[in-house]
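Fold and contact review
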Amino acid sequence: MDSELPVALALVLVTLTGTAAALTRDPVRQATVLAGLGLALALLFAVLQAPDVALSQLAVGTALTPLMVLLSVWKVRRKAARSERREEQR
């Protein structure tokens, strides 16, 4: 019974961060919440005694995926600003 408490707490944390990621509208904030979700999932995997999966999740879900989202948002916003400047010059 004592081993069920950490798993339950980790599942609650994953549920809360997953819900927050789904409800966040701003892409930059969404990337930050997504990093938190990756961290919560890595914690869940560690509690479930899957350290290899936890380390993979930590690298991909906490670092790489939010970074790719941020870079994509930056590129789209930069392209939109460039397009607006071209329209103003016409």
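Residues numbered from 1 in each chain as written. Predicted model: local features only at pLDDT ≥ 70, side-chain atom pairs only at ≥ 80, totals over all residues. Heavy atoms only, no water.

So, the nonpolar core
Membership of the largest hydrophobic core is limited to five residues, which are Ala10, Val14, Leu37, Ala40 and Leu44. Among the elements that line this core, the one with the most residues is helix 2 (residues 27–47), at three residues. (Core = buried A, V, L, I, M, F, W, Y, C linked by side-chain atoms within 4.5 Å. Buried < 20%, exposed > 50% of the residue type's maximum accessible area, 1.4 Å probe, protein only. Helix = DSSP H or I, 4+ residues; strand = E, 2+ residues; numbered from the N terminus.)

Examining the pattern of salt bridges
Counted by the stated rule, this structure contains one salt bridge. A salt bridge links arginine 77 to aspartate 26; the nearest nitrogen and oxygen atoms lie 3.5 Å apart. With arginine 77 in helix 3 (residues 51–89) and aspartate 26 in the loop between helix 1 (4–23) and helix 2, this pair connects stretches of sequence that are 51 residues apart. Note on aspartate 26: relative accessible area 30%, which makes it partly exposed. (Salt bridge = Lys/Arg side-chain N within 4 Å of Asp/Glu carboxyl O.)

Examining the confidence of the model for the protein chain
Of all residues in the protein chain, 99% attain a pLDDT of 70 or more, and the chain-wide mean is 93. The least confident element of the protein chain, judged by mean pLDDT, is helix 3 at 92; the most confident is helix 1 at 96. (pLDDT = per-residue confidence, 0-100.)

Quick notes on helix 1
One turn of the α-helix equals 3.6 residues, which is why residues spaced by three or four share an orientation. The end-to-end C-alpha distance of helix 1 is 29 Å, a good match for the 28 Å that 20 residues give at a rise of 1.5 Å each. Turning to helix 1, its buried residues are Ala10, Val14, Thr17 and Ala21. Looking down the long axis of helix 1, one finds its buried residues gathered within 75° of arc, a one-sided arrangement. The outward face of helix 1, more than 90 degrees from its buried face, is lined by the exposed residues Glu4, Leu5, Leu9, Leu16, Ala22 and Leu23. For helix 1, the secondary structure elements touched by its buried residues are helix 2. (Expected span 1.5 Å × (residues − 1). Arc of directions from axis to C-beta. Contact = heavy atoms within 4.5 Å.)

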